[in-house]
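Analysis of the macromolecular model
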Amino acid sequence: MISILIYWLFILVICYAQGLALNKLFKANLSFSLTIILGIIGITTLANLVAFFAPINFLFLATVIIISILFIVFNLKYFSTHFKSHLIVFKNRKNLFTIIFSSLVFAIYSSGFSNINDDGLYYTQTIMWLNQHGLVHGLSNLHLSLGLCSSWHVFQAIFSFPNLVNLNDVNGLLLLVFTLFILEKNETEQNAFTNYLQYVLVLCISILFFSAPNPDFAIIILSAMAIQLFISNKNYPLIIVLAAFCFSIKISAIITSLLAVYLLIKYKDTNKSKQLLILAVAIVFIHITKNIYQTAYPLYPYKIISFNFDWKTPESILNFFTDGVKTWAYSDKYKPTDIQQIKETDQWQVAKNLLFRTGSKGLINKVILLSFLLSNVLVAYCYFKKKLEQKIIAMHTVTCLSLIIWFVFAPQYRFALPMLIYFLAFIISLIYKEILSLKFKINLWYFHVLFLLVFFAISLTGIKVNGNQTSSQIGTFNKIDAQQILVPKPEYSFKMDTIMVNGQTYFHAQGNRYCWNSPLPCMSKGYEKIIFENYHYRISLRGKNINEGFKFIYYY
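Read on for a plain summary of the structure.

Cut-offs applied
Residues numbered from 1 in each chain as written. Predicted model: local features only at pLDDT ≥ 70, side-chain atom pairs only at ≥ 80, totals over all residues. Heavy atoms only, no water. 1 Å grid on protein atoms, 1.4 Å probe; cavity = no way out; pocket = protein on both sides within 12 Å on 5 of 7 lines; lining within 4 Å. Points joined across faces, edges and corners; volume = space filled by probe spheres on them. Helix = DSSP H or I, 4+ residues; strand = E, 2+ residues; numbered from the N terminus. Nonpolar A, V, L, I, M, F, W, Y, C, P; charged D, E, K, R; others polar. Buried < 20%, exposed > 50% of the residue type's maximum accessible area, 1.4 Å probe, protein only. Arc of directions from axis to C-beta. Polar contact = N/O pair within 3.5 Å; in protein donor to acceptor, adjacent residues only side chain to side chain. Disulfide = S-S within 2.5 Å. Pairing = 2+ DSSP bridges. Expected span 1.5 Å × (residues − 1). Contact = heavy atoms within 4.5 Å. Phe/Tyr/Trp six-rings, centres within 6.5 Å; stacked < 30°, edge-to-face > 60°. Axes fitted to C-alpha atoms, helices over the stretch in contact; angles between N-to-C directions. Parallel < 35°, antiparallel > 145°, perpendicular 65-115°, else oblique. Core = buried A, V, L, I, M, F, W, Y, C linked by side-chain atoms within 4.5 Å.

Comments concerning empty space enclosed by the protein
- What the rule picks out here adds up to 7 cavities of 30 Å³ or more.
- Put simply, the largest cavity is a space of about 90 Å³.
- Lining the largest cavity are Leu148, Phe247, Ile249, Lys250, Ile251, His287, Asn291, Pro298, Leu299 and Tyr300.
- For the lining of the largest cavity, the elements supplying multiple residues, two or more each, are helix 13 (236-249) and helix 15 (274-295).
- Taken together, the residues that form the lining of the largest cavity break down as 7 nonpolar, 2 polar and 1 charged.
- Forming the walls of the second largest cavity are Leu121, Gln125, Leu142, His143, Leu146, Arg513, Tyr514, Cys515, Cys522, Met523, Ser524 and Tyr527.
- In terms of residue class, the lining of the second largest cavity is built from 8 nonpolar, 3 polar and 1 charged.

With respect to helix 25 (residues 525-535)
- Among the residues of helix 25, Tyr527, Glu528, Ile530, Ile531 and Tyr535 are the ones counted as buried. The buried residues of helix 25 occupy an angular sector of 165° when the element is viewed end-on, so they sit on one face.
- A distance of 3.1 Å separates the backbone nitrogen of Gly526 from a side-chain oxygen at the start of helix 25, and that oxygen is part of Ser524.
- In the segment just after helix 25, His536 is the residue with positive phi, at about 60°.

Considerations on the state of the cysteines
- Evaluated as defined, the whole model comprises 1 disulfide.
- Disulfide pairing places Cys515 opposite Cys522 at an S-S distance of 2.0 Å. The disulfide joining Cys515 to Cys522 has a torsion of about -90° about its S-S bond and is therefore left-handed. Both residues of the pair, Cys515 and Cys522, count as buried.

Examining the pairing of strand 1 (residues 496-501)
- In the sheet, strand 1 pairs with strand 2 (residues 504-509) via 6 bridges, with the strands oriented antiparallel. In the sheet register, Ile499 faces strand 2, and the bridge partner there is Tyr506.
- With antiparallel pairing between neighbouring strands as the criterion, strand 1 and strand 2 make up a hairpin whose turn holds 2 residues, including Asn502 at a positive phi of roughly 50°.

Things to note about helix 11 (residues 192-206)
- When the terminal C-alpha atoms of helix 11 are compared, their 21 Å separation across 15 residues agrees well with the 21 Å that a helix rising 1.5 Å per residue should span.
- Burial of helix 11 is extensive: 13 of the 15 residues sit out of reach of the surface.

Description of the side chain of Thr179
- For Thr179, the location among the structural elements is in helix 10 (residues 170-188).
- Exposure remark for Thr179: the relative accessible area of 1% places this residue in the buried category.
- A polar contact of 2.8 Å, which involves the side chain of Thr179, links it to the backbone oxygen of Leu175.
- Not counting the four nearest positions on each side in its chain, Thr179 is found in contact with Thr98, Ser102, Phe106, Tyr199 and His448.

Here's the deal with unusual backbone geometry
- In this model, Tyr300 is joined to Pro301 through a cis peptide bond whose omega is 15°.
- Inspection of the secondary structure puts Pro301 in the loop between helix 15 and helix 16 (315-331).
- A cis amide bond links Leu520 with the next residue in sequence, Pro521, at an omega value of -5°.
- By secondary structure assignment, the location of Pro521 is in the loop between strand 2 and helix 25.

Remarks on the packing of aromatic side chains
- Overall, the coordinates contain 36 aromatic pairs when judged by the stated rule.
- Ring geometry for Phe52 and Tyr293: centres 5.3 Å apart, planes at 85°, overall edge-to-face. Of the two residues, Phe52 sits in the loop between helix 2 (32-50) and helix 3 (58-74) while Tyr293 sits in helix 15, which places them 241 residues apart along the sequence.
- Overall, the relative accessible area of 22% leaves Tyr293 in the partly exposed class.
- Plain terms: the ring middles of Phe320 and Tyr535 are 5.9 Å apart, the flat faces sit at 50° to each other, and that makes the pair tilted. With Phe320 in helix 16 and Tyr535 in helix 25, this residue pair connects regions lying 215 residues apart in the sequence.
- Of the residues examined, Phe320 reaches a relative accessible area of 11% and is grouped as buried.
- Relative accessible area serves as the criterion here: at 17%, Tyr535 is assigned to the buried category.

Digging into the packing of helix 11 against helix 12 (residues 215-231)
- As a packed pair, helix 11 and helix 12 sit with axes 11 Å apart at the nearest point and diverge in direction by 175°. With respect to each other, helix 11 and helix 12 are oriented roughly antiparallel. Along the contact surface, helix 11 presents Asn195, Gln198, Val202, Ile205 and Ser206, while helix 12 presents Phe217, Ile220, Ile221, Ala224, Ile227 and Gln228.

Let's talk about the nonpolar core
- Among the nonpolar cores identified, the biggest contains 146 residues, and Leu175 and Phe178 are the most heavily contacted of them.
- Looking at which element gives the most residues to this core, the answer is helix 12, with 13 residues.
- For Phe178, the contacting residues outside a window of four places in its chain are Tyr199, Val202, Ile221, Ala224, Met225 and Gln228.
- Within the second largest apolar cluster, 34 residues are counted, among which are Ile116, Leu142, Phe320 and Phe321.

Such coordinate-based values are descriptive only and should not be taken to indicate function.
Quick look at the structure:
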């Protein structure tokens, strides 16, 4: 826990310095938390660019540190003035307690083993590839998920320390920055209830995402920030930058993408902070180029456009990936026979399967639908009562369109969480303002502290809150032990197995269908078997070593 707090402080200082440099360059005049966010975006964009030519290792981090120190030294007055001007949020004792307590609880909960399946599937492996090799042609052929190469994993790769301690916890850090963002806004805005309500809803679901650099959670937080900036009529160019960064994190960031399109159309003639739009364009361009470099598809994993490079992932296999995302959403199945069965089912039956599936996912799907329907009813009612501002109508329209796109392309519940949080915040805040506030007042700060206490209790008692079976293969969180007071749980440890394909050895963890921190290159035996038996492809090196990338060879 202590090492995580020191680690977070180190990252915050670096990101604040880098964000302040961009703040000065673009004359953006951002708050303390948004300056940190801008720093995260700036450093990650630079790392994405460097990864084409070199690994994102300690040499890159050392360069960033030197640049940050030089900026602070040569701009000490500017640095000091900006920091002091935003100290108001720390001078409030309640805010200071909230920040300190949040930091401790987030760090405690971040110190356990990862319990997210996709961490073993590709998060850790993506970070390892970036640390050791940078971007590699045809990496998506090694495993389809590796082609995603989220900017959130690039950010994690910058601050990774291989062979030292397992500091795989940037989601806890981002939630802490979001906490600062909310406290800052509540110091200056009257719309504090809705802002804080959205934060509390994010806090509720965050328990599922602490233990790994899950990009979906980054999308949830950054989308919430973009929505609040939009509703507050603040810094539209920054919202577009946030949208571009979310797009580079994951293409499923629909709500921010549509919001950016709306802003570009609505305010195309504005001259405010146009320099920030250059940054947004650069982020999107670099990400699309990165997709081409690794997969030959600009909008990977979708095959709308492609280039016939030798490292191109075959379209039939890519269909297996995108159709598998849908099939997993309906039934937690992914085999080609399962995918074909779903494809042959009519859309109405598929929708019923999605809505009426059992378990927690079925419950969340029902909540998503009900919140969508109820929010539309309330919007219609308020519209005829002339109680809605145009920006709220625009935001609601964008959110509804986002949910429809989600349903058509990738209806996994976690992709819809940004929309769900907005709908729930809108519904609850409207009911509170119109009905409940007339009878009593609610202070959401107490709910904030309550959830922090729940997290703390889980850490002390070891109550299981995640149903993933993969976590049982690497260890469970259990309750906090003496070791975790100083450092996080150790890295995953598996016995290694190997598989030989076309003269190249691939590592694989024994008794586990995922790779986790297996040496590179790692490939699941199950994945190799599925690709060959169903599509008659086998992976091969493009050249003499893995730095030259991978390609598929078709066997007739």
